[in-house]
Amino acid sequence: MGLYEFFYEYFIKPIQENQGYNPVNTVVYAIILGVAVILLYKMLKRMGIKVDDRFFKALIPYIILGPLMRSMTDVGILPRTYLTVSPGGYFVIAAFAIASLYVVWRHVGPGEKLYSLYRDFGWVLLGGLVFVLIINLGKVDFNPEVFKYFIPALIIAEAFIWLISKKLALVRDNSLLFYTHFYDATTTFVGIQFLGFWEQHVLARWLMDTFGTPAVIYAEKFLILLPIVWILDRAMADEDPDLINFVKLTMFILGFGPGTRNLLIMLMGG
């Protein structure tokens, strides 16, 4: 198999035929993500931008852009290309977010004004995408029945995290991450269990096939998150707080983005 055939088989074909992820592209995308996190962290340090609540709030519109674009692609509003489905779509949004941040930083520096200006620019971008959605609402087959399954399942899932947080300080100190990833797990569970969707990720798909239920996604999420936050909070306690915060921000996005995409696709009849 030549280089082109290899790339086509493991990266292009899965997107063209909506096959989901495979072991090869999963590993490659994970490596790209890891390298990107390190490079972006170094870039923020050089720019003098702290990863704190101000930065998180400024990022919110960019975090919403990804799942909205993906869901609009799945319902046929946007064309299905490598640049509008995951992971390509998230690369595009990340490029917009980074470029916007750099432009704002060049104009106003790393001071307080940067965060509000960067946030507002993100809301403008998001507003443009929402406008495209509004003028194409005829292509959306809204399915409110999703809430009949989603809301009870979400309440039960988040109640579990609330109870566990009373016993485990590690969960309590990182409750937002656990709540967010159980929100993501709930959209996956509801979509597969009740609405006929399927799992795209390799490990989760294998676990569901092995245990015979999509509910195993909750255990997967919890058992992956717990050691990661232990490493960040305990083993890396002496590291730069900005690095820890940036890794946790990335983990939040990896839960909120796919979860919101799943929910929007289900609601829009994707």
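Structure shown above.
Quick caveat: nothing in here was measured; it's all calculated off a predicted structure.

Caption draft 1: Representation of the overall build of the protein. Looking only at helices and strands, the protein features 11 helices and 0 strands. When its helices and strands are written in sequence order, the protein yields α-α-α-α-α-α-α-α-α-α-α. Relative to the globule expectation of 18 Å for 270 residues, the C-alpha radius of gyration of the protein, 19 Å, shows essentially globular dimensions. A principal-axis box enclosing the C-alpha atoms of the protein has dimensions of 50 × 50 × 45 Å. Residue burial in the protein is summarised as follows: out of 270 residues, 42% are buried. For the protein, the share of sequence-separated contacts (at least 6 apart) that also reach a separation of at least 24 residues comes to 71%.

Caption draft 2: Spotlight on helix α9 (residues 202-211). Restricting attention to buried positions, one finds in α9 the residues Ala204, Leu207 and Met208. With its buried residues spanning 100 degrees around the axis, α9 presents them on a single face. In α9, the exposed residues that point more than 90 degrees away from the buried face are Trp206 and Asp209. Turning to α9, the residues buried within the fold contact α8 (175-195) and α10 (216-235). Note on α9: the residue one or two positions beyond its end, Gly212, has a positive phi of about 75 degrees.

Caption draft 3: The arrangement of the packing of aromatic side chains in detail. Summed over all chains, the structure comprises 17 aromatic pairs. Seen in terms of ring centroids, Phe11 and Tyr29 are 5.8 Å apart; in terms of plane orientation they differ by 85 degrees. Their pairing is edge-to-face. Of this pair, Phe11 sits in helix α1 (residues 3-16) while Tyr29 sits in helix α2 (residues 23-47), and the two are 18 residues apart along the sequence. There is no split in this pair, since Phe11 and Tyr29 are both buried. Geometrically, the ring pair formed by Phe160 and Phe222 is edge-to-face, given 6.0 Å between the ring centres and 70 degrees between the ring planes. Taken as a pair, Phe160 in helix α6 (residues 146-167) and Phe222 in helix α10 lie far apart in primary sequence, 62 residues in all. Look at Phe160 and you get partly exposed, because its relative accessible area is 38%. Through a chain of ring-to-ring contacts, the aromatic side chains of Tyr149, Phe160, Phe178, Phe182, Phe189, Phe194, Tyr218 and Phe222 assemble into a single cluster.

Caption draft 4: Seen up close, the pattern of salt bridges. As enumerated under the stated definition, the model contains 11 salt bridges in all. Residues joined in a network through salt bridges with shared partners are Lys45, Lys50, Asp240 and Asp242.

Caption draft 5: Spatial organisation of the layout of surface pockets. As a volume, the second largest pocket reaches approximately 330 Å³. Lining the second largest pocket are 13 residues, and of these Asp53, Leu176, Asn245, Lys248 and Leu249 lie nearest its centre. Within the residue set of the lining of the second largest pocket, elements represented by two or more residues are α3 (53-74), α8 and α11 (241-267). Here the element with the most residues in the lining of the second largest pocket is α11; it accounts for 4 residues. Of the residues contributing to the lining of the second largest pocket, the split by class is 6 nonpolar, 3 polar and 4 charged.

Caption draft 6: Spotlight on empty space enclosed by the protein. A full pass over the atoms with the stated rule returns 1 cavity of 30 Å³ or more. Its volume calculated, the largest cavity comes out at about 120 Å³. Lining the largest cavity are 14 residues; nearest its centre among them are Pro14, Ile15, Gly20, Ser86 and Gln200. Those elements that place two or more of their residues in the lining of the largest cavity are α1 and α2. Here the lining of the largest cavity gets 3 residues from one element, more than from any other, and that element is α1.

Caption draft 7: Up close: the nonpolar core. Counting residues in each nonpolar core, the largest one holds 63 residues, and the members touching the most others are Ile49, Phe55, Leu101, Tyr118 and Tyr218. Among residues more than four places away in sequence, those in contact with Tyr118 are Ala58, Leu59, Tyr62, Ala97, Ser100, Leu101 and Val104.

Caption draft 8: Expanded view of the packing of α8 against α10. The contact between α8 and α10 brings their axes to 9 Å, and the two run at 160 degrees. Judged by the angle between their axes, α8 and α10 are roughly antiparallel. Considering only the axes of α8 and α10, their crossing is right-handed. Only Ile217, Tyr218, Lys221, Phe222, Leu225, Leu226 and Val229 of α10 make contact with α8, whose side of the interface consists of Leu177, Phe178, His181, Phe182, Asp184, Ala185, Thr186, Thr188 and Phe189.

Caption draft 9: Just the environment of Lys248, in detail. If you trace the backbone, Lys248 turns up in helix α11. Each C-alpha atom, one on Lys248 and one on Phe56, is 11 Å from the other, the two residues being 192 residues apart in sequence. If sequence neighbours within four positions are ignored, Lys248 has contacts with Asn174, Leu177, Leu232 and Asp233.

Caption draft 10: Layout of the side chain of Asp184. Position of Asp184 relative to the elements: it lies in helix α8. With sequence-adjacent residues up to four places away left out, Asp184 is seen in contact with Lys221, Leu254, Gly255, Pro258, Gly259 and Asn262.

Definitions and cut-offs
Residues numbered from 1 in each chain as written. Predicted model: local features only at pLDDT ≥ 70, side-chain atom pairs only at ≥ 80, totals over all residues. Heavy atoms only, no water. Helix = DSSP H or I, 4+ residues; strand = E, 2+ residues; numbered from the N terminus. Rg over C-alpha atoms; globule rule 2.2 N^0.38 Å. Buried < 20%, exposed > 50% of the residue type's maximum accessible area, 1.4 Å probe, protein only. Contact = heavy atoms within 4.5 Å. Arc of directions from axis to C-beta. Phe/Tyr/Trp six-rings, centres within 6.5 Å; stacked < 30°, edge-to-face > 60°. Salt bridge = Lys/Arg side-chain N within 4 Å of Asp/Glu carboxyl O. 1 Å grid on protein atoms, 1.4 Å probe; cavity = no way out; pocket = protein on both sides within 12 Å on 5 of 7 lines; lining within 4 Å. Points joined across faces, edges and corners; volume = space filled by probe spheres on them. Nonpolar A, V, L, I, M, F, W, Y, C, P; charged D, E, K, R; others polar. Core = buried A, V, L, I, M, F, W, Y, C linked by side-chain atoms within 4.5 Å. Axes fitted to C-alpha atoms, helices over the stretch in contact; angles between N-to-C directions. Parallel < 35°, antiparallel > 145°, perpendicular 65-115°, else oblique. Left-handed = near helix turned anticlockwise from the far one by under 90°.

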